[in-house]
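Coordinate analysis (summary)
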Amino acid sequence: MNTGVNRVFGTSLHQLSIRMKSRRTIPPIIFQTINYLDMNGLDQEGIFRLNGRIYTIENYRDLFDIGEVPSFQTECDPHTVAGLLKLYLREMPEPILTFKFYDSFIKLEEDDPPNKIRLVLNLIKKLPEVNFTVIKFLLGFLRRVSQMSDINKMTKANLATVFGPNLLRQETSNLGTIMQHTPLVNSMTELLIENYQDILELQRSSTPKVPRRSYRNLPPTPGKKRTLPATPHRGSTPILPATSRNTQSISSSAPSKMKKKQLSDKVADLESMLDFERLRREELEKLVYELMQRVQILEEK
């Protein structure tokens with residue numbers, strides 16, 4: 001097992017956020033796997049239930065742990081990438097919903113108060129910032145998977161059974177407690193997937209950044225060398241890399257009156273539009289690319 005400074009598997013979200021120098025960045029292992037599965041796995045029957053190729057999963061794991069970020073461009077088995085994501089979540093030293101709030105989530109599921117949804121949302125807002133960012137990103141993806149359950153056979157309940165134990169677990173427990181709490185954990189996870197839209201609308205911080213390691217090399221702004229994102233990090237419809245057609249209109253310098261916060265808010269508004277089909281694909285591609293480029297310029301100043 002890799003124990004070097006670049007190790008990803010078995011490393012806490014907090015430590016990864018320190019390494020990435022941002023608590024609002026989606027870790028590349030989560031971003032890359034979900035981005036691939038959004039494009040190639042939503043229509044795969046038994047996705048996350050069927051096993052992938054163990055040897056290939058281990059190879060991908062080793063690559064991440066030495067600081068590489070595979071793009072999966074040549075990967076032809078979505079079940080293998082799904083298995084890699086499950087392995088990462090399973091090996092997290094602390095689950096995304098944290099040990100601290102485990103009892104609170106379980107008690108809400110046991111008591112089932114009339115205002116349970118509101119209380120659950122309040123708990124989500126109390127998560128550490130990186131956990132808050134990642135859980136929203138992950139739940140959005142699981143909701144998209146469940147929306148194609150007629151094809152992939154993975155309903156919200158099925159997904160909760162797979163992901164629940166990796167999202168919500170005790171720091172110390174015995175077999176009896178695990179068996180007793182498993183139905184509650186699964187039910188709470190299903191509730192989170194079902195109410196993803198309410199979770200998406202929670203406001204705590206600005207839009208999470210696309211991980212820098214997953215950027216593609218795009219034409220730089222004159223006078224500076226920089227690497228910019230070619231794809232969004234949320235949504236079921238992938239945005240293709242920008243072309244010269246839609247980059248020529250981008251200004252060579254950041255607008256003097258446009259602040260970073262305003263640009264980030266605009267990106268957040270675009271990313272909150274889950275129904276990408278409502279906009280013309282080319283128009284959305286151009287808007288997101290331009291805004292992300294300007295945000296990147298401001299961040300580098």
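This is a predicted model, so every value here is computed, not measured.

For the rest of this paragraph, the subject is the overall build of the protein chain. Check the secondary structure of the protein chain and you find 14 helices and zero strands. Split into buried and exposed, the 301 residues of the protein chain put 51% on the buried side. The contacts in the protein chain between residues at least 6 apart in sequence include a share of 78% that link residues at least 24 apart. Summed over its atoms, the accessible surface of the protein chain is roughly 14,900 Å², and 50% of this surface lies on carbon and sulfur atoms.

Close contact between helix H2 (residues 28-40) and helix H7 (residues 129-146) brings their axes to 11 Å; oriented N to C, the two are set at 15°. Of the possible angle classes, the one that applies to H2 and H7 is roughly parallel. Classified by chirality, the crossing of H7 by H2 is left-handed. Taking contact as the criterion, the partners of Ile30, Phe31, Ile34, Leu37 and Asp38 in H2 are, on H7, Val134, Phe137, Leu138, Phe141 and Arg144. Residues belonging to the contact of H2 with H7 are distributed by class as follows: eight nonpolar, no polar and two charged.

Turning to the packing of aromatic side chains, a few remarks are in order. Throughout the structure, instances matching the rule amount to six aromatic pairs. Ring centres 5.7 Å apart and planes at 90° place the aromatic pair Phe9 and Tyr88 in the edge-to-face group. Taken as a pair, Phe9 in the segment before helix H1 (13-20) and Tyr88 in helix H4 (residues 78-91) lie far apart in primary sequence, 79 residues in all. Across the pair, Tyr88 and Phe9 agree in class, each one buried. With a centroid separation of 6.5 Å and 45° between ring planes, the pair formed by Phe64 and Phe72 is classed as tilted. You can call Phe64 buried: its relative accessible area is 2%.

What follows is about unusual backbone geometry. The residue Phe48 is not glycine, and still its phi comes out positive at about 75°. If you trace the backbone, Phe48 turns up in the loop between H2 and helix H3 (54-65). We classify Phe48 as buried; its relative accessible area is 1%. Here the phi dihedral of Lys153 falls at roughly 65°; this positive angle occurs in a residue that is not glycine. Tracing the chain through its elements places Lys153 in the loop between helix H8 (149-152) and helix H9 (156-167). Lys153 gets classed as partly exposed once you look at its relative accessible area, which sits at 42%.

Right, let's talk about the pattern of salt bridges for a bit. Tallied over the entire structure, the rule returns nine salt bridges. Linking Glu91 and Arg61 is a salt bridge whose minimum nitrogen-to-oxygen distance equals 3.1 Å. Pair noted here: Glu91 is in helix H4 and Arg61 is in helix H3, with a separation of 30 residues, a long-range link. Each of Arg53, Glu75 and Asp77 takes part in one network of salt bridges that share partners.

The rules behind each value
Residues numbered from 1 in each chain as written. Predicted model: local features only at pLDDT ≥ 70, side-chain atom pairs only at ≥ 80, totals over all residues. Heavy atoms only, no water. Helix = DSSP H or I, 4+ residues; strand = E, 2+ residues; numbered from the N terminus. Buried < 20%, exposed > 50% of the residue type's maximum accessible area, 1.4 Å probe, protein only. Contact = heavy atoms within 4.5 Å. Areas by Shrake-Rupley, 256 points an atom, 1.4 Å probe, with all protein chains shown as cover. Axes fitted to C-alpha atoms, helices over the stretch in contact; angles between N-to-C directions. Parallel < 35°, antiparallel > 145°, perpendicular 65-115°, else oblique. Left-handed = near helix turned anticlockwise from the far one by under 90°. Nonpolar A, V, L, I, M, F, W, Y, C, P; charged D, E, K, R; others polar. Phe/Tyr/Trp six-rings, centres within 6.5 Å; stacked < 30°, edge-to-face > 60°. Salt bridge = Lys/Arg side-chain N within 4 Å of Asp/Glu carboxyl O.

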